[in-house]
Amino acid sequence: MSVLAIDAGNSKTDVALIGPDGTVLGTARGGGFRPPAVGVKAAVDTLAQAVEAAWEDAGHSGPVAVDHVSACLANADLPVEERELAEALTDRSWGGSVQVYNDTFAILRAGLPRGAEPRGVAVVCGAGINCVGMTPDGRTARFPAIGKLSGDWGGGGGLAEEALWFAARAEDGRGEPTALARALPAHFRLPSMYALIEALHLERVPAARRHELAPVLFAVAAAGDRIARALVDRQAEEIVALAVVALDRLGLLDEETPVLLGGSVLAARHPQLDDGVRELLAARAPKAVPLVVAASPVLGAGLLGLDVIGAGEEVLERLRRQYV
């Protein structure tokens, strides 16, 4: 039985066609998946381009239906969104069955130790921030994760916005001085925050490039800037708050439980953030075992798909080896 695995984030989509023995037959990368911005049909059209490219990579002239489609999708934050997206993917006739998950589940499944039961919590801190947890009996812990409206703070996009806010106020005198006021515009080879604000407002610097400022923030923090370091510390607090609440909801605070950390911000292993998360977890959830997930999230989508079709551990292990 074959699986079509899809991991679609805000900035990119990865697709893998997986054979019945766990062998990856074809792969492709496509554009970002943003239904709130472009609509469900246009977003799924973007997926279709990547799916077709994966089939071509596998030596097929066009898509051929697989047994199961396992799609871990950004912006599938609410159950109603998962259902709507599952219907849209089913309409494409890519597989005999379709299961849509929020993309955070891909990190959770990819990061669980070999042979481990499906029990743990995952926090993704990439362009945005989200957290999910699951137990072997099928219980899950989730958050709406749709931004400030649902109480979220941080992620690469959120950190960039905060850095811009503090830098703007530092330059015009309303706020405390910070090296961010020089470092952020310098990243775009601009002379001042005023110039950067103008460039962003008039879209001479595309809004999509704001995410480039998160690594600048971490560099400024590493150099000792108080404002930048405070933002990194707050990000660690938010990551741990999500993890601890999810562990508590699932009754896992008193059990040794993996906490999988993924997404571009966490995977970069910035020392201040990495140390902060581990120290806070040790204090608030002493039995949690933090693990940074470096594997591609499409591995998690593939493993979830193989779980559905009842693949054995040797098949799962063969798939894992191709992403190590």
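The structure reproduced in this document is the subject of the present report.

Quick notes on the rules
Residues numbered from 1 in each chain as written. Predicted model: local features only at pLDDT ≥ 70, side-chain atom pairs only at ≥ 80, totals over all residues. Heavy atoms only, no water. Phe/Tyr/Trp six-rings, centres within 6.5 Å; stacked < 30°, edge-to-face > 60°. Buried < 20%, exposed > 50% of the residue type's maximum accessible area, 1.4 Å probe, protein only. Lys NZ or Arg CZ within 6 Å of the ring centre and 35° of its normal. 1 Å grid on protein atoms, 1.4 Å probe; cavity = no way out; pocket = protein on both sides within 12 Å on 5 of 7 lines; lining within 4 Å. Points joined across faces, edges and corners; volume = space filled by probe spheres on them. Helix = DSSP H or I, 4+ residues; strand = E, 2+ residues; numbered from the N terminus. Pairing = 2+ DSSP bridges. Axes fitted to C-alpha atoms, helices over the stretch in contact; angles between N-to-C directions. Contact = heavy atoms within 4.5 Å. Salt bridge = Lys/Arg side-chain N within 4 Å of Asp/Glu carboxyl O. Left-handed = near helix turned anticlockwise from the far one by under 90°. Nonpolar A, V, L, I, M, F, W, Y, C, P; charged D, E, K, R; others polar. Polar contact = N/O pair within 3.5 Å; in protein donor to acceptor, adjacent residues only side chain to side chain.

### Quick notes on the packing of aromatic side chains
The geometry of an aromatic ring pair comes down to the distance between the two centres and the angle between the two planes. Applying the stated criterion to the full structure yields two aromatic pairs. A centroid spacing of 6.3 Å and a plane angle of 50 degrees characterise the contact between Tyr 101 and Phe 105, whose relative ring orientation is tilted. For the residue pair Tyr 101 and Phe 105, the accessibility class agrees, reading buried in each case. Between Trp 165 and Phe 166, the ring centres sit 4.9 Å apart and the planes meet at 85 degrees, which makes this aromatic pair edge-to-face. Directly above the aromatic system of Phe 143 lies the positively charged group of Arg 249, at a separation of 4.5 Å from the ring centroid.

### Observations regarding the layout of surface pockets
Space inside the second largest pocket adds up to approximately 250 Å³. Residue lining of the second largest pocket: 14 residues in total, with Ala 110, Gly 111, Arg 114, Val 293 and Ala 295 positioned closest to the centre. Those elements giving two or more residues to the lining of the second largest pocket turn out to be helix H4 (104-111) and strand E10 (288-292).

### A closer look at the sheet that holds strand E3 (residues 24-30)
With mixed pairing, five strands are arranged side by side in an open sheet as E3-E2-E1-E4-E5. One side of each edge strand has no neighbouring strand; the edge strands of this open sheet are E3 and strand E5 (95-102). On average, adjacent strands in this sheet sit at an angle of 15 degrees to one another, irrespective of strand direction. As paired strands, strand E1 (residues 3-8) and strand E2 (residues 13-18) are joined by six bridges and run antiparallel to one another. When the bridges of E2 are listed, Ile 6 appears paired with Val 15. Packing against the sheet, helix H2 (residues 40-57) makes contact with E1, E2, E3 and strand E4 (66-73), and its axis sits at approximately 145 degrees to E3.

### Thoughts on the pattern of salt bridges
For the structure on display, the rule yields 18 salt bridges. One salt bridge connects Arg 142 with Glu 82, and the closest N-O pair in it is separated by 2.7 Å. A residue pair is termed long-range when its members are at least 10 positions apart, and Arg 142 in strand E8 (residues 140-142) and Glu 82 in helix H3 (residues 79-90) qualify at 60 residues. For Arg 142, a relative accessible area of 23% translates into the label partly exposed. Among the ionic pairs, Asp 172 bridges to Arg 174, the shortest N-O distance being 2.8 Å. What emerges from the salt-bridge pattern is a single network uniting Lys 12, Asp 14 and Arg 29.

### Considerations on the environment of Ala 160
Within the secondary structure layout, Ala 160 lies in helix H5 (residues 155-172). A C-alpha to C-alpha distance of 16 Å links Ala 160 and Glu 198, two positions 38 residues apart in sequence. Each residue touching Ala 160, except ones within four places of it in the same chain, is listed here: Arg 210, Leu 213 and Ala 214.

### Considering the packing of helix H6 (residues 180-187) against helix H8 (residues 213-222)
At a closest axis distance of 10 Å, the pairing of H6 and H8 adopts a crossing angle of 145 degrees. For the element pair H6 and H8, the recorded crossing hand is right-handed. Contacts from Leu 180, Ala 183, Leu 184 and His 187 in H6 reach Leu 213, Val 216, Leu 217 and Val 220 in H8. Among the residues forming the contact of H6 with H8, the class breakdown is seven nonpolar, one polar and no charged.

### Digging into the packing of H5 against H6
Their axes nearest at 8 Å, the elements H5 and H6 cross at an angle of 115 degrees. Note that H5 runs across H6; the crossing there is left-handed. When H5 is examined against H6, the residues Ala 163, Leu 164, Ala 167, Ala 170 and Glu 171 are found in contact with a partner set consisting of Leu 180, Ala 181 and Leu 184. Tallied by class, residues from the contact of H5 with H6 come to seven nonpolar, no polar and one charged.

### Points about the side chain of Arg 320
By the secondary structure assignment, Arg 320 is in helix H13 (residues 313-321). At 2.8 Å, the side chain of Arg 320 and the side chain of Glu 313 are in polar contact.

Such coordinate-based values are descriptive only and should not be taken to indicate function.
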